[in-house]
Amino acid sequence: MKDTETADVELIRDYAVALTRLWRAVTEPVQILQWFGPEGVYLDDCQMDFRTTGPWSCTMRGKESGSRFKVSGQITHVSPPEGGRGSVGFTWAWHDEDDRRGPESHVSFAVEETTSGARLTLTHRDLASAEAAQDHTRGWLSTLRKMDFFLDPQASLVPTTQ
């Protein structure tokens, strides 16, 4: 989390994949469904095509609890990778049990080519509080662990010792 007036989160991951592979993973619906959402949830009724602007929504369900977690927003920009960089941005708001949207924040997935593959920078801005930023950091870190395995099925959950 950055120390700024608003509560923001920025997470960076490097992957040993081509930039186009990472771009497809963060924008194509069939691929997003493979990794999106924290561990312990499955995606139920998701409309997430980050290749074009417009509305998006996703309902997650707790695998053990069955609890419903709905989030939605607008895809505000899509800049496919040209010249080694690209990004997609969208608004984000959780829904309450009566399906009312809560405070809106902003997420972006920026991709860029690196010497060893591609980098993903996930930014979540304008969260309501430091506590909300901490909660979202935990959720995004869990989600990115799923992305790690999606892009590298040989990844290990436990660091190997020498």
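Relevant structure appears above.
Owing to the predicted nature of the structure, the values given are computational and were not obtained by experimental measurement. (Residues numbered from 1 in each chain as written. Predicted model: local features only at pLDDT ≥ 70, side-chain atom pairs only at ≥ 80, totals over all residues. Heavy atoms only, no water.)

Draft legend 1. Region of interest: the overall build of the chain. A count of helices and strands for the chain gives 3 helices and 8 strands. In terms of overall size, the chain behaves like a compact globule, its C-alpha atoms giving a radius of gyration of 16 Å where 162 residues would be expected to give roughly 15 Å. Dimensions of the chain, computed from the C-alpha atoms along their principal axes, are close to 45 × 35 × 35 Å. With 162 residues in all, the chain has 46% of them scored as buried. Across the chain, the fraction of contacts at a sequence separation of at least 24, relative to all contacts at a separation of at least 6, is 46%. Charged side chains in the chain number 17 positive and 24 negative. The centres of these two groups are separated by 3 Å. (Helix = DSSP H or I, 4+ residues; strand = E, 2+ residues; numbered from the N terminus. Rg over C-alpha atoms; globule rule 2.2 N^0.38 Å. Buried < 20%, exposed > 50% of the residue type's maximum accessible area, 1.4 Å probe, protein only. Contact = heavy atoms within 4.5 Å. Lys, Arg positive; Asp, Glu negative; His and termini not counted. Charge placed at Lys NZ, Arg CZ, Asp CG, Glu CD.)

Draft legend 2. Inspection of the packing of aromatic side chains at higher detail. Evaluation of the coordinates by the stated rule reveals 14 aromatic pairs. Both rings, one in Phe90 and one in Phe109, keep their centres 5.3 Å apart while their planes meet at 70°; by these two values the pair is edge-to-face. Of the two residues, Phe90 sits in strand S6 (residues 85-94) while Phe109 sits in strand S7 (residues 105-114), which places them 19 residues apart along the sequence. Phe109 gets classed as buried once you look at its relative accessible area, which sits at 1%. Pairing Trp92 with Trp94 gives two aromatic rings, centres 5.4 Å apart and planes at 90°, and the pair type is edge-to-face. For Trp92, a relative accessible area of 4% gives the class buried. The rings of Trp35, Phe36, Phe50, Trp56, Phe90, Trp92, Trp94, Phe109 and Trp140 are connected pair by pair, giving a single aromatic cluster. (Phe/Tyr/Trp six-rings, centres within 6.5 Å; stacked < 30°, edge-to-face > 60°.)

Draft legend 3. Quick look at the side chain of Lys146. By the secondary structure assignment, Lys146 is in helix H3 (residues 130-151). One buried charged side chain, Lys146, makes no salt bridge at all; its nearest oppositely charged neighbour is Glu39, positioned 7.8 Å away. Other than its neighbours up to four places away in sequence, Lys146 contacts Trp35, Phe36, Gly37, Pro38, Glu39 and Val41. (Salt bridge = Lys/Arg side-chain N within 4 Å of Asp/Glu carboxyl O.)

Draft legend 4. Layout of the pattern of salt bridges. Taken as a whole and assessed by the stated rule, the structure comprises 14 salt bridges. A salt bridge links Asp99 to Lys70; the nearest nitrogen and oxygen atoms lie 3.3 Å apart. Taken as a pair, Asp99 in the loop between S6 and S7 and Lys70 in strand S5 (residues 68-82) lie far apart in primary sequence, 29 residues in all. Residue Asp99 is classed as partly exposed on the basis of its relative accessible area of 36%. A residue is classified by how much of its surface remains accessible, and Lys70, at 18% relative accessible area, is buried. Note that Asp135 is salt-bridged to Arg138, the shortest N-O span being 2.4 Å. In this pair, Asp135 and Arg138 both sit in helix H3, 3 residues apart, roughly one turn of the helix.

Draft legend 5. Highlighting the state of the cysteines. Using the criterion set out here, one finds 1 disulfide in the structure. Disulfide pairing places Cys46 opposite Cys58 at an S-S distance of 2.2 Å. Its S-S torsion of approximately 40° makes the covalent link between Cys46 and Cys58 right-handed. Placement of the pair is Cys46 in strand S3 (residues 41-47) and Cys58 in strand S4 (residues 54-62), with a sequence separation of 12 residues. (Disulfide = S-S within 2.5 Å.)

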